[in-house]
Amino acid sequence: MQAIVKWASRATMKILGIESSCDETAAAVVTDDRQLLSNVVWSQLKNHQPYGGVVPEIAARAHVEAIDRVIEEALKQAGVGLDQIDLIAATGGPGLIGGVMVGVMSAKALALASAKPWIAVNHLEGHALTVRLTDGVAFPYLLLLISGGHCQWLAVGGPGDYKLLGATRDDALGEAFDKTAKMLGLPYPGGPQIEMLAREGNADRFDLPRPFHGVAHCDFSFSGLKTAVLHTCRELADENNELSLVDKQDICASFQRVAAECLTDRLGYAIMAYENLGYKGRQLVVAGGVAANKYLKQALEQACLDSGYSLCVAPPALCTDNAAMIAWAGYERFIQQGGSDYDFEPKARWPLNK
Ligand code: KG4
Ligand code: ZN
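Here the residue numbering is sequential within each chain, running from 1 through the sequence in written order. Think of it this way: whatever chain is written first is A, whatever ligand is written first is 1, and the rest follow in order. Restriction of local features to residues with pLDDT of at least 70 applies here, the model being predicted, together with a cutoff of 80 or more for giving and counting side-chain atom pairs; totals for whole chains, interfaces and linings are based on all residues. Each side-chain value is derived from all of the structure's non-hydrogen atoms; neither hydrogens nor water enter the calculation.

Undergrad: Any chance you could explain the site of ligand 1 here in plain terms?
TA: In these notes, residues near a molecule or strand are those with any non-hydrogen atom within 4 Å of it. Inspection of the region around ligand 1 gives 20 residues, with G148, D178, E195, G289 and D321 positioned closest. In the model, an oxygen atom of ligand 1 is placed 2.7 Å from a nitrogen or oxygen of the D178 side chain. For this analysis, a polar contact is any N or O atom pair within 3.5 Å, provided that within protein one partner can donate a hydrogen and the other can accept it, and provided that sequence-adjacent residues contribute only side-chain to side-chain pairs. Interatomic distance of 3.0 Å between a backbone N/O atom of G191 and an oxygen atom of ligand 1. Where accessible areas are quoted, they stem from the Shrake-Rupley method and a 1.4 Å probe; at the residue level, only the protein chains shown are allowed to cover. In the complex, 89% of the free accessible area of ligand 1, which totals 550 Å², lies under the protein chains. A total of 4 residues in the shell around ligand 1 trace back to one element, the largest contributor, which is helix α6 (residues 190-198). When the residues that make up the shell around ligand 1 are grouped by side-chain class, the tally is 5 nonpolar, 12 polar and 3 charged. Helical segments are the DSSP runs of H or I of at least four residues, strand segments are the runs of E of at least two, and each set is numbered from the N terminus. Residue polarity follows a fixed list, in which Ala, Val, Leu, Ile, Met, Phe, Trp, Tyr, Cys and Pro are nonpolar, Asp, Glu, Lys and Arg are charged, and the others, Gly among them, are polar.

Structure representation (structure tokens):
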């Protein structure tokens, strides 16, 4: 087990976090001694579901409409006023630019009005540091970041210290879950739907491809897996182009098993790359929306055990997008480098290791 982070005793700092980079409008208040005072997530799911994915224009408009109310609710649930907040942290990217602009503008306006510092946070850093808030995990650690837009291995040496060890060469894992679900006629987001149907399915019925299996690097590829699911769906569909429930369950279970095998197979090479850089913390952290999947977590738990590593995954509600992670990462970066300037511009792209 890694040592638990202990902060020196001093007046508690309260951080307001704001997240608006995709389809969740979120605000939260956390303290520097790792208390979660509030965590409000307003999902726009219903606005996007008719389109089978997130529509950027709809997302931006929905963020504008919801953000003030969500921030107010987060402050209310935390039992604090803006005057008791010490730092305002907002996602500054990467993400859908319209949404990121809404969050950044709100943070700047609140900071200006209350004469408080503000900081722009990299959304991926929010995911990367969540376990420091939830479990006090110490640096360094090996991070598997699996979300809707990202799929990568990183060595985490400290806030702002990230070394990319490997990444997907095509689809992110969350994207593969979402696209597979869409082929099966399941609603967006597909990950939770697939996990649910897979529970009743036969995971060994379909033999799906596992690209790079046994190849000595830790990159991923998921586009072939998605295409194989498409062919399987076409073969099984009836005259109305429909699949039976059993077929859907078996496809979900087989897809999920193969996804888990890809992750556990790549883990060995990621550990090698991590240790070759001289890192000694035998701790794997899995973060991002896909980390909410219990089946994948169990598979990685076993693989970690076999490699002498321990596994830490945040609770599911803090794996998917939320503002508590933004508040926490904002705090860690603020201590290190101070706040952001008012001329900070929202970024659609913002790699973690830059
Ligand atoms: O981190 P996140 O909330 O947003 C991004 O930053 O992308 O991740 C969203 C992704 C979606 O692709 C969604 O299908 C996936 O996480 N996801 C899951 C589960 N819950 C969310 N994938 C597999 N199993 C789940 N239980
Ligand atoms: Zn995310």
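Undergrad: Just checking my understanding: could you explain the coordination of the zinc ion (ligand 2) for this structure?
TA: Think of it this way: four donors in a tetrahedron around the metal ideally sit 109.5 degrees apart, and six in an octahedron ideally sit 90 or 180 degrees apart. With distances of 2.1 Å, the protein atoms coordinating the zinc ion (ligand 2) are H123 (NE2), H127 (NE2) and D321 (OD). Donor atoms (N, O, S) are those found within 2.8 Å of the metal centre, with the cutoff raised to 3.2 Å for Na, K and Ca; water is not part of the atom list, so apparent gaps in a site can occur. Each donor residue of the zinc ion (ligand 2) belongs to the same chain, with the gaps between them written as H-x3-H-x193-D. You can see H123 and its partner H127 sitting in helix α4 (residues 123-134), 4 residues apart, about one turn around the helix.

Undergrad: For this particular structure, what's the right way to read the environment of S147?
TA: Relative to the elements of secondary structure, S147 occurs in the loop between β6 (141-146) and β7 (151-158). What makes S147 buried here is its relative accessible area of 9%. With 86 residues separating them along the chain, S147 and R61 place their C-alpha atoms 23 Å apart. Each residue's exposure class comes from its accessible area (1.4 Å probe, protein chains only) as a fraction of the maximum for that residue type: buried when under 20%, exposed when over 50%, partly exposed otherwise.

Undergrad: Would you explain the packing of aromatic side chains in this entry?
TA: Any two aromatic rings considered together are summarised by their centre-to-centre distance and by the angle between their planes. Pairing of aromatic rings covers Phe, Tyr and the six-membered ring of Trp, with a centre-to-centre limit of 6.5 Å; geometry is then stacked below 30 degrees between planes, edge-to-face above 60, and tilted otherwise. Inspection of every chain in the model, using the stated rule, returns 9 aromatic pairs. On the numbers, 5.9 Å between centres and 75° between planes, the contact of W118 with F344 is edge-to-face. One end of the pair, W118, is in strand β5 (residues 118-122); the other, F344, is in the segment after α11 (324-337), and 226 residues separate them in sequence. Judged on exposure class, the residue W118 and its partner F344 are both buried. On the basis of an interplanar angle of 20° and a centroid distance of 5.8 Å, the ring pair of W153 and F220 is categorised as stacked. Of the two residues, W153 sits in strand β7 while F220 sits in the loop between α6 and α7 (223-236), which places them 67 residues apart along the sequence. The rule is short: NZ of Lys or CZ of Arg within 6 Å of the ring centre and within 35 degrees of the ring normal puts a charge over the ring. It is R69 that lies over the ring of W42; its NZ or CZ is 5.5 Å from the centre. Over the ring of W350 we find K347; its NZ or CZ atom is 5.0 Å from the centre of that ring.

Undergrad: Looking at this model, I keep getting lost on the pairing of strand β1 (residues 14-19). Mind explaining?
TA: Each regular strand shows side chains that alternate between the opposite faces of the sheet. Counted residue by residue, β1 has 5 buried out of 6 residues, so it is predominantly covered. In this scheme, strands are said to pair when DSSP sees at least two bridges between them. Both β1 and strand β2 (residues 24-31) contribute to a ladder of 6 bridges, which runs antiparallel. Among the inter-strand pairings, E19 is bridged to a residue of β2, identified as A26. Here β1 hands over to β2 after 4 residues, the two strands then running antiparallel side by side.

Undergrad: So what exactly am I meant to see when it comes to the sheet that holds β5 here?
TA: Sheet strands pair via backbone hydrogen bonds, and the direction of the pair is either parallel or antiparallel. Reading across from one edge, β3-β2-β1-β4-β5 is the order of the 5 strands in this open sheet, with mixed pairing throughout. Edge positions in the open sheet fall to β3 (36-43) and β5, since each of these has one partner strand only. Pairs of neighbouring strands in the sheet enclose a mean axial angle of 20°, with direction left out of account. Pairs of residues are marked as contacts when any of their non-hydrogen atoms sit within 4.5 Å. Angles shown run from 0 to 180 degrees and are taken between the N-to-C directions of axes, each axis being a line fitted to C-alpha atoms and, for helices, limited to the stretch in contact. Here α4 sits on the sheet and contacts β1, β2, β4 (87-93) and β5; the angle it forms with β5, its principal contact strand, is near 95°.

Spatial relationships are all this shows, so hold off on functional conclusions.
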